[in-house]
Amino acid sequence: MAGHVRKVITPAVVVTSALLVSGCGDPTVSALAPAGEAASEIARITWIMIAATLFLMVVMSALGLHAVYRKSDGPVGPSPLAVILAGGVIVPTVVLLALLVFGVRSGDAMLPVGEPAVEVRVTAHQWWWRFEYRDADGGSIFTANELHLPVGETIDIVVESADVIHSFWVPALGGKIDAIPGRANRMRLRPTETGQFRGQCAEFCGAQHARMAFDVQVHPSDDFHDLLRAMSGLDRRDTGPAAGREAFEQHCMECHSRATDHDFEGPNLARLAERPWLGAGTISNTPENLREWIAGHQTLKPGNRMPDHGALNEDTVEALARYLEGE
Ligand code: HEC
Ligand SMILES: [Cu+2]
């Protein structure tokens, strides 16, 4: 019997542990591997809650076991009134007060008080992200699906939506904030570590909600400001082969630009080669996948807001890809 039970339980434990470990193991997208001040506060509260819950569970289990195994005759233990008072009034009051104290302290530390060093405007779309930075002269720089931030500086993220409700979330850097049509919500971040992280839409927003990720790169402060200067006024409309440019002007330009200061319907494509993914996390950004996206993006990400250019022949796809690669 015992052997039989072990045969069932052992694989179950192995599979469950594997799932748990793989699910929580990726530090680029884990709220428990904080790389920013707000995320550290949130992780701290999470650990306190987990510890308190475990503590209460152990205490209650011990009391339960004690009640079962104690040797006595007749009714014993506290009166029902005492149980209700302790379990229904005293314990909840203590637990909620403690949470309130920690919560107010942490929430206060996350508030956008005072001027930020950097402000990034974020617009959520079905199903991709537009980021807008200010250059030194107050002009705009647009990137799509890639967010660049400096380490150690206060950054305000101002979140808007172009269509439905989305939610901006970079688990490693901070909490979530909703992108609501007609509103601009502000959230403060201060990254404490450089590195590459993954952001994700955290509010169901339609069929391709799961494929609405973005790449976050936290740079040393000097590198960040150098990058902004390099991106400022970057115009790649005239680079690349003429055949590709013509096809782009004919089929794609109403929605896409290769100049960083242009705000169009669709994602900015000026620095496409720098992105790790295509289709906001749908596929990795390789030369082969770029061609596949242009020819068959409606198969890769069904229902996405880029029209199907079914009639594009192979040569046109190749020319477009080369043009976007800037060759
Ligand atoms: C009607 C507007 C529209 C037109 C026309 C259009 N696109 Fe798009 N494109 C989009 C939208 C919207 C997305 C975002 C899709 C998504 O990920 O959900 C997109 C995404 C892309 C991406 C992926 C960008 C990224 O960061 O993930 C590439 C590459 C691209 N388009 C190339 C093209 C090419 C090449 C053409 C012309 C053959 C074209 N597009 C025509 C709207 C358009
Ligand atoms: Cu979304």
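One can find the structure itself at the top, above this paragraph.
The model shown is predicted, which means the values in this text are computed figures rather than measured ones.

A.B. asks: Would you take a moment to explain the pairing of strand β6 (residues 166-169) for this structure?
C.D. replies: Every regular strand shows the same layout, with side chains that alternate between the two sheet faces. Two elements, β6 and strand β7 (residues 176-179), share 4 bridges in a ladder whose sense is antiparallel. Bridging across to β7, H166 finds its partner in A179. Linkage of β6 to β7, two consecutive antiparallel strands, is achieved through a turn of 6 residues. Pairing geometry for β6 and strand β9 (residues 195-201), over 2 bridges, is antiparallel. When the bridges of β9 are listed, F168 appears paired with C201.

A.B. asks: Just to check I follow, could you spell out helix α6 (residues 287-300) for this structure?
C.D. replies: Each full turn of the α-helix corresponds to 3.6 residues, which orients residues three or four apart in the same direction. With 14 residues, α6 ought to run about 20 Å at 1.5 Å a step, yet its terminal C-alpha atoms sit only 16 Å apart, falling short of that. Residues N289, L290, R291, W293, I294, G296, H297, Q298 and L300 constitute the buried set of α6. Here the buried face of α6 lies against β11 (277-278), β12 (283-284) and α7 (314-325).

A.B. asks: Please explain the coordination of the copper ion (ligand 2) as it appears in this structure.
C.D. replies: Between any two of four tetrahedral donors, the ideal angle at the metal is 109.5 degrees; between two of six octahedral donors, it is 90 or 180 degrees. The coordination sphere of the copper ion (ligand 2), as far as protein atoms go, consists of H166 (ND1), C201 (SG), C205 (SG) and M212 (SD), spread over 2.1 to 2.5 Å. Sequence spacing of the donor residues for the copper ion (ligand 2), all on one chain, is H-x34-C-x3-C-x6-M. Of this pair, H166 sits in strand β6 while C205 is found in the loop between β9 and β10 (213-219), placing the two residues 39 residues apart along the sequence. Side by side, H166 and C205 carry an identical accessibility label, which is buried.

A.B. asks: Sorry, what's going on with the coordination of the iron atom of ligand 1 here?
C.D. replies: Donor atoms from the polypeptide that coordinate the iron atom of ligand 1 comprise H256 (NE2) and M306 (SD), at 1.9 to 2.2 Å from the metal. Around the iron atom of ligand 1 sit 6 donor atoms, and with donor-metal-donor angles ranging over 83 to 178° the site reads as octahedral. With H256 in the loop between α5 (242-251) and β11 and M306 in the loop between α6 and α7, this residue pair connects regions lying 50 residues apart in the sequence. The exposure class assigned to H256 is buried, which follows from its relative accessible area of 11%.

A.B. asks: Mind showing me how you'd approach unusual backbone geometry here?
C.D. replies: What you tend to see is this: most non-glycine residues have negative phi, and most peptide bonds are trans. Between Q126 and the following residue, W127, the backbone shows a cis peptide bond with an omega angle of -5°. Positionally, W127 belongs in the loop between β1 (118-125) and β2 (128-134). With phi around 60°, N145 is a residue other than glycine that occupies positive phi space. The class for N145 is buried, based on a relative accessible area of 11%. The phi angle at A280 is positive, at roughly 55°, despite the residue not being glycine. Inspection of the secondary structure assignment puts A280 in the loop between β11 and β12. With a relative accessible area of 1%, A280 lands in the buried category.

Calculation rules
- Residues numbered from 1 in each chain as written.
- Chains lettered and ligands numbered in written order.
- Predicted model: local features only at pLDDT ≥ 70, side-chain atom pairs only at ≥ 80, totals over all residues.
- Heavy atoms only, no water.
- Pairing = 2+ DSSP bridges.
- Helix = DSSP H or I, 4+ residues; strand = E, 2+ residues; numbered from the N terminus.
- Expected span 1.5 Å × (residues − 1).
- Buried < 20%, exposed > 50% of the residue type's maximum accessible area, 1.4 Å probe, protein only.
- Contact = heavy atoms within 4.5 Å.
- Donors = N, O, S within 2.8 Å, 3.2 Å for Na, K, Ca; no water.
- Tetrahedral: all angles 85-135°; square planar, octahedral: opposite > 155°, others 65-115°.

Scope: geometric values only; no functional claims are made or implied.
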